[in-house]
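# Structure at a glance
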Amino acid sequence: MFLKSVEIMGFKSFADRTRIEFSEGISALLGPNGCGKSNVVDSVKWVLGEQSTKNMRAEKMEDVIFNGTETRKALNVAEVTLTIANEEGILDLDVPEVSIKRRLFRNGESEYLVNNTPVKLKELRELFFDTGIGKSAYSIMEQGKIDQVLSNKPEERRYLFEEAAGITKFKVRGGEADRKLARTEENMVQVENILREVRRSYDTLKKQSEKTLEYRECKSRIFELEIDLQLLRLSSLNETRTHKTEKLREKKELYTRLSGEIEGINGFLQENQGQVTHMESELVEFQKKLYGMGLEKENHENQIRLFKEQISEVETSISSFKAKEKAINDKIGQIGANREKKVETLKDYNDRLEEITRNISRLEETIAGCDNSIKKNEEEISGLDNESISLESDRDKLGEDLRVLTDDIVSQLDKGLRETGFSRSRRESLEERVREISATSRVQIAGRIQIINDALRVGGGKDLKKMLESCVTLLGDSRDSFAELEKVFKEYTDTNPDFLDEFLAPEGIITRKRDIDNRISAVLEKVKLNRERIKNLQNENKALLQKIDDYKQSLEEQKVSVATIKTQVDAVNDSLKVLEREMEEQQAYLKDNTEELKKEIEKKAVLEGKIADLEEDGRKLEEEKVKTKKALEDLEKGINDKNKKLQGEQVELKKKISRVNAIQEEISRFNIDLAQLETEIQNLYSNFRDKYSRELDEYSARSEKIEEPVSAIKDKLDSVKLRLRSIGQVNLMAPEEFSEVKDRYDFLNGQLEDLKSARDNLIEVTREIKTESEKLFMQAYTAIRKEFHEMFRRLFGGGRAELKLVDPDNILESGIEIYAQPPGKKLENISLLSGGEKSLTGVGLLFATYLIKPSPFCILDEIDAALDEANIQRFVNVLVEFGRTSQFIVITHNKKTVTGASTLLGVTMQESGVSKIISIRLEDEVENENS
Ligand SMILES: Nc1ncnc2c1ncn2[C@@H]1O[C@H](COP(=O)(O)OP(=O)(O)OP(=O)(O)O)[C@@H](O)[C@H]1O
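Residues numbered from 1 in each chain as written. Predicted model: local features only at pLDDT ≥ 70, side-chain atom pairs only at ≥ 80, totals over all residues. Heavy atoms only, no water.

Per an unreviewed UniProt entry, the protein is named Chromosome partition protein Smc, and its organism is Spirochaeta isovalerica. On record in UniProt, under Subcellular location (unreviewed entry), the comment for the protein is "Cytoplasm". (UniProt positions renumbered as here; feature names shortened; annotations may be inferred.)

Encoded structure:
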């Protein structure tokens, strides 16, 4: 199966989304006229890219969109989706199922989608090339189209054979290649025309350009040689300038040095002349000074004498003040000793006061401590009293519990003894019996012990044997006594009632009584202890009260002592104040005296200082006098030396001045020369700039490369100028114009070459396509021709059919003529056949084509309409045979054809103007028919 389903929505009469599922073999699409069967075929053609409105039975493409009914509004979009199984890979897509969708909106917008990816129409068509499917292939045969196959011109039938030959794609490609070739040749002609024109300018400009280039070379050479000349001139000027500048610098240096020396000598002369003058005035000053010193020395000696007399007076006054000072100090010493004694006494009193105060606070603390102890004891007594009262109450309660428990024990004992049949008398008699037997046995055993002792003492013989025998007998009796004792004791113990065990058990009533007894004893013991403790505490308090009384008495005594001592302290303090005042008075006297004494001492020191100063001054004066005399002599000698030196320097100065003047003249000459050189260099630069609009310095690097002398360069310059003149007039822009024309010329040449090679390629491709197409076409044609003859005979039940190429020399363009000879008739051109014969012949050609190249699916729209019963049967037979290998969707009104189908699909218009699909079971249809 190839065609799986078609989903239609808004397309022609299919207003609602309608899905038609196709099955393998032959499916028949049934329904009354005008219900929309052919619309299904249209939808398949449309989705496969049909562009012809005529083929779509519409005026314009929008007519395929559902345009409404009386009850329904028109829609704005038509959409058809075709689902194709591609497991065998017939379509060149690596997916098992391909869905193709076409959508058209009323505004003209439309789109194609292959597996939901938008594609161009061209891509969609290429997908179906040579598959037998496609808008013009033979997979869809509509009403009347089968007849057309025969009634068309022989050339128009070719498509059937081309599709079967699989050359549709070659044809399309060949067409494309032809178009390209034509375009390429057209382009070549255009390029050649342009190239011819360009060539003319190219040749002219080439010559001009060569001449201009020679002219430019001469110009450039002249320029270079002129630069070299200028550079050589500049270099020579620069050298001279450097040389003169160096010379000028040297002269200037010499000038500066000599000027400095002259200045030095002048300075020296000036300075020394001044010094001599200064020294002479100094000499006069020294003489004056020596005279002054003599007068000063006399004055000093007079002053020293006067000061010494004053010192003697001051010394007398100092002795008097010292004696007074001693007397005052003695008095102060007495007062001080007295005061110390009083202070000592005061300290004793204070020590005693402190001690008594400490005693008082200690006594007070002790009394307070006793009070606290008494309070604590009273609190404890009260606590013990309370506890004893509570214990008494506990004891009463426990006594009551004991009474109740004792009554309980008595009644339980009575009850137990009664219930166990305990008899006191029997128990007492058995007890008596035990005592008796044990007493008897004791006596018997004591007797036997006596007998055995006797036998041991007496020793051997018959008696011993007798005695031992008697002992054995007696011991046998004792054994019997013990047996009886055992029996009686058991009876005695059996008289003990069992319930007593329960009584005596740890959790029994007796244990509880014992527990209460113990608790009562403990309470009584505690009450006794409390009482003893209370008594002790009361005694202790009594003793403490007695102590407090004693302490309070001592406290009173101590306080009296304090008052007494304080009175004594006051008295001592008063005496101290009196002493203090006296002391202050004496110290004031002493201070005044000390100050007076100090003044006199200072006075003496001042006088002594003055004398010392005067003596020091006199000594210095003497020293200076000696120095001044010496300096006076040195000065006189210095003045003489200097005067001699000054005369020598003045001669040297004159010589240097005449030399400096000569150098000054030389410097002026150099400066004039350099200024001239500078002007010449500047002129060189500015002339160069004016002439070439460039700076000469830009070419300074060339100077290093110039190797020839100026004369050789000038010769060369002359010869180049001569050559330039010989070139004559030139087009200065020729090389640039030529370069542009050359670029264009080269480009066009390249283009022409490319076009030529493209043309050659295209011719080759076209030739290959043609050869391959011819080969494939002939193979298919020959095969179909053979099959067509056979198929014709089957469908017509005999006869003969023939295909013929109209132009065998032009296979790819040639029309195909069909000749048919139904049984019993003459072989004649098909135009002479009846309608039914034409249809059947067309069907024959179609099936023959299927045999050579089966279409994956095939839709036949009422191609059986014109066939009679007998032909229908043969047609159905062939169809059924083909239906085994290919998928057929047949639209028919013929019941015979319907019986050949394996699946039936009904198209109805339950709602007027709106098509709907229903499945019809074949049996129902057959039954309906029978009825
Ligand atoms: N754009 C459209 N909108 C609504 N209905 C349309 C549109 N185009 C065509 N139709 C309707 O579709 C019907 C024609 O359907 P179609 O040709 O498929 O019929 P059919 O079943 O093939 O009939 P027959 O058996 O006569 O060939 C017409 O009734 C026409 O009005």
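Now that the structure has been shown, the text picks up again.
## Remarks on the site of the ligand
Close to the ligand lie 18 residues, the nearest being Gly34, Lys37, Ser38, Asn39 and Asp63. Here Ser38 contributes a side-chain N or O atom positioned 2.8 Å from an oxygen atom of the ligand. Between the ligand and Asn67, the relevant distance is 3.0 Å, taken from a nitrogen atom to a side-chain nitrogen or oxygen of the residue. Compared with its free state, where it exposes 650 Å², the ligand has 73% of that area covered by protein. Across the shell around the ligand, the residue classes tally to four nonpolar, nine polar and five charged. (Near = heavy atom within 4 Å. Polar contact = N/O pair within 3.5 Å; in protein donor to acceptor, adjacent residues only side chain to side chain. Areas by Shrake-Rupley, 256 points an atom, 1.4 Å probe, with all protein chains shown as cover. Nonpolar A, V, L, I, M, F, W, Y, C, P; charged D, E, K, R; others polar.)

## A closer look at the sheet that holds strand S2 (residues 18-21)
Strand order in this open sheet of six strands is S2-S1-S4-S5-S6-S7, and the pairing throughout is antiparallel. The open sheet terminates on both sides in strands that have one partner only, identified here as S2 and strand S7 (117-119). Here the average twist between neighbouring strands, direction ignored, is 20 degrees. Sheet topology places strand S6 (residues 110-114) next to S7; three bridges connect them, and they run antiparallel. Each bridged residue has a counterpart across the sheet, and for Val114 the counterpart in S7 is Thr117. Sheet contacts for helix H2 (residues 121-128): strand S4 (77-85), strand S5 (97-105), S6 and S7; angle to S6, the most-contacted strand, approximately 40 degrees. (Pairing = 2+ DSSP bridges. Helix = DSSP H or I, 4+ residues; strand = E, 2+ residues; numbered from the N terminus. Axes fitted to C-alpha atoms, helices over the stretch in contact; angles between N-to-C directions. Contact = heavy atoms within 4.5 Å.)

## Side note on the environment of Asp868
With respect to the helices and strands, the residue Asp868 is situated in the loop between strand S12 (857-861) and helix H13 (869-883). Each C-alpha atom, one on Asp868 and one on Arg435, is 158 Å from the other, the two residues being 433 residues apart in sequence.

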